[in-house]
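# Architecture and fold: a report
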Amino acid sequence: MELVRIAECGESTLWGMNGGQPESPDERHLVYARKKDLTNAVSGDTEIWICDRDGKNHRRIFTVQCGNHNGPSATFVDNKRIVFRDIIQGFSAFRIYNIETDQVEFGPVFCKESHCSEKGIYPFSISEEFLGKNPQIPNMDSCGIYLLDLGTYQVTRAVDSAKILDMVGEAGYTPTPYTTSMSHVQLNPSATAVMMRLSVKECPTFGALGCVELNTGKTHFIPDKPVHQLWYDDTTYMATRQYFDGKRIEMETSRIQRFSMDGETLETLGGVGNHIDGSKNRQWFVGDRAYPGYPADVLLYKRGEIVPTAVLGSSDEQYTIWDLKVHPNPTFSRNGKRVYFNHPISRTKTEAVYADVSQWVSKAEH
């Protein structure tokens, strides 16, 4: 299938993590990254660029230090602002940048960034290593999950670490020294619940998935969670169910499925996958076959079918994918007619590309 490069340039180009969104809400602009040298998989100068959706008018807006895995996790929070990650003196931080004024509006905030904002709120997590590093935000004085109001730039603590530890203990599991170092924090679409990946002793391979309903404080816990989870709607998840056979995580038996907040499997959405996404109307799903030793095919599925409708792209650059940590991370465009993903083409270069899937999804989307 024909793949469209977002930029014709000598550098590698990168999209962010799955569940982020490279398109602005008005579908006018794209944000991506350029990196001259992929060989340092955990750091290196990385430029953040924007362009028009049609690939014209490219403009560099900022330079950060970051690795290849998810790049700077750049995503739009509204039509004029983006959020992205930087590594400053060894610590992760995010900034909010206005592409119209060409200025940083907020940050850096030292923390673990999240996938995206919802309802004008950007969530993030603070663990031990970040305490004391944000004196400009005095109420950010303990570990937990925090919410940034993008209208006022006020920060509030939504869930403290004690709540997280209690949730793990009440479910009958054992916290580790890393349990409160939460990652993949995501708000549901109405911003009334927040989920997070947790480290627990009994789940060394996949970890656990926690969720807290913000209005009531009710908690939900899934041990040995499905992976690369995203919200399907306000009360359920979409993720890849994987199985560990004692030696490896099986590729063949993986399935893109829908889950309740307590881990019940509700339906199968697609076949083999790892990093995933769903179209806005949840009728189409995409997953990458990113498993060591296999070509990292990007697969398009009609809802409920385990045989892919199309293979959108494929790369067998195992060194780039695994040693240099460039994963496909497929993501639907806002109108569902494109799938954006990272496409390694050699041991030293990867390209941010998209596939036009309108021939399959256009009738179903709108």
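Let me begin by describing the structure that accompanies this report. It should be emphasised that the depicted structure is a prediction, and the values quoted were computed from it without experimental measurement. (Residues numbered from 1 in each chain as written. Predicted model: local features only at pLDDT ≥ 70, side-chain atom pairs only at ≥ 80, totals over all residues. Heavy atoms only, no water.)

### Looking at the overall build of the chain
Put simply, the rule is: Under the scheme used here, helices are H or I runs from DSSP no shorter than 4 residues and strands are E runs no shorter than 2 residues, and both carry numbers assigned from the N terminus. For a compact globule the rule gives 2.2 Å times the number of residues to the power 0.38, and the radius of gyration it is set against comes from C-alpha atoms. Exposed residues in this analysis have more than 50% of their type's maximum accessible area, buried residues have under 20%, and partly exposed residues fall in between, with area computed by a 1.4 Å probe over protein chains only. It only takes one pair of heavy atoms within 4.5 Å for two residues to be counted as in contact. Shrake-Rupley sampling with a 1.4 Å probe provides the accessible areas, and residues are treated as covered by the protein chains on show and by no other component.
Helix and strand content of the chain: 3 helices and 27 strands. Taking 2.2 N^0.38 as the reference for a compact globule, 366 residues should give roughly 21 Å; the C-alpha atoms of the chain span a radius of gyration of 19 Å, in line with that estimate. By residue count, 56% of the 366 residues in the chain fall in the buried class. Within the chain, counting contacts between residues at least 6 apart in sequence, those at least 24 apart form 48% of the total. For the chain, the exposed area adds up to about 14,800 Å²; of that, 46% sits on carbon and sulfur atoms.

### Examining the packing of aromatic side chains
Let me state the cut-off plainly: Centres within 6.5 Å are what make two rings of Phe, Tyr or Trp a pair, Trp counting through its six-membered ring; a difference in plane orientation under 30 degrees is then read as stacked, over 60 as edge-to-face, and the rest as tilted.
Summed over the entire model, instances satisfying the criterion amount to 13 aromatic pairs. Where Phe-62 meets Tyr-97, the ring centres are 5.9 Å apart and the plane angle is 70°; that geometry is what we call edge-to-face. Of the two residues, Phe-62 sits in strand β5 (residues 59-65) while Tyr-97 sits in strand β8 (residues 91-98), which places them 35 residues apart along the sequence. For Phe-62, a relative accessible area of 18% translates into the label buried.

### Some thoughts on the pattern of salt bridges
Note the following rule: Here, a salt bridge means any side-chain nitrogen of Lys or Arg that lies within 4 Å of a carboxyl oxygen of Asp or Glu.
In total, this model carries 16 salt bridges according to the counting rule given. Residues Arg-5 and Glu-8 are paired through a salt bridge, measuring 3.4 Å at the closest nitrogen-oxygen approach. When its relative accessible area of 66% is taken as the criterion, Glu-8 is described as exposed. For Asp-141, the salt bridge identified is with Arg-157, shortest N-O distance 3.3 Å. Highlighted residues: Asp-141 in the loop between β10 (121-126) and β11 (144-149) and Arg-157 in strand β12 (residues 155-160), separated in sequence by 16 residues. Relative accessible area serves as the criterion here: at 55%, Asp-141 is assigned to the exposed category.

### A look at the sheet that holds strand β16 (residues 219-222)
Either a parallel or an antiparallel arrangement is found when strands of a sheet pair, and the pairing is made through backbone hydrogen bonds. Under the convention used in this document: When DSSP locates at least two bridges between a pair of strands, those strands are taken to pair. The axes are straight lines fitted to the C-alpha atoms, using for helices just the contacting stretch, and the angles between their N-to-C directions are given from 0 to 180°.
Pairing is antiparallel across the open sheet formed by 4 strands, whose spatial order is β13-β14-β15-β16. Of all the strands in the sheet, just β13 (183-187) and β16 have a single pairing partner and so form its edges. Sheet twist, expressed as the mean angle between neighbouring strand axes with direction ignored, is 15°.

### Topic: the pairing of strand β19 (residues 255-260)
Within β19, 5 of the 6 residues are buried, which leaves the element mostly enclosed by the surrounding structure. Connecting the antiparallel pair β19 and strand β20 (residues 265-270) is a turn made up of 4 residues, with Gly-263 showing a positive phi of about 100°.

### Let's talk about helix α1 (residues 161-170)
Note the threshold: In this description, one arc is meant: the one made by directions from the helix axis to the C-beta atoms.
All of the buried residues in α1 are Ile-164, Met-167 and Val-168. All buried residues of α1 fall inside an arc of 95° around its axis, so they share one side. For α1, the elements touching its buried residues are β12, β14 (193-198), β15 (208-213) and β16. One or two steps after α1, the chain reaches Gly-172, where phi turns positive at roughly 90°.

As far as function goes, none of this settles anything; it's purely spatial.
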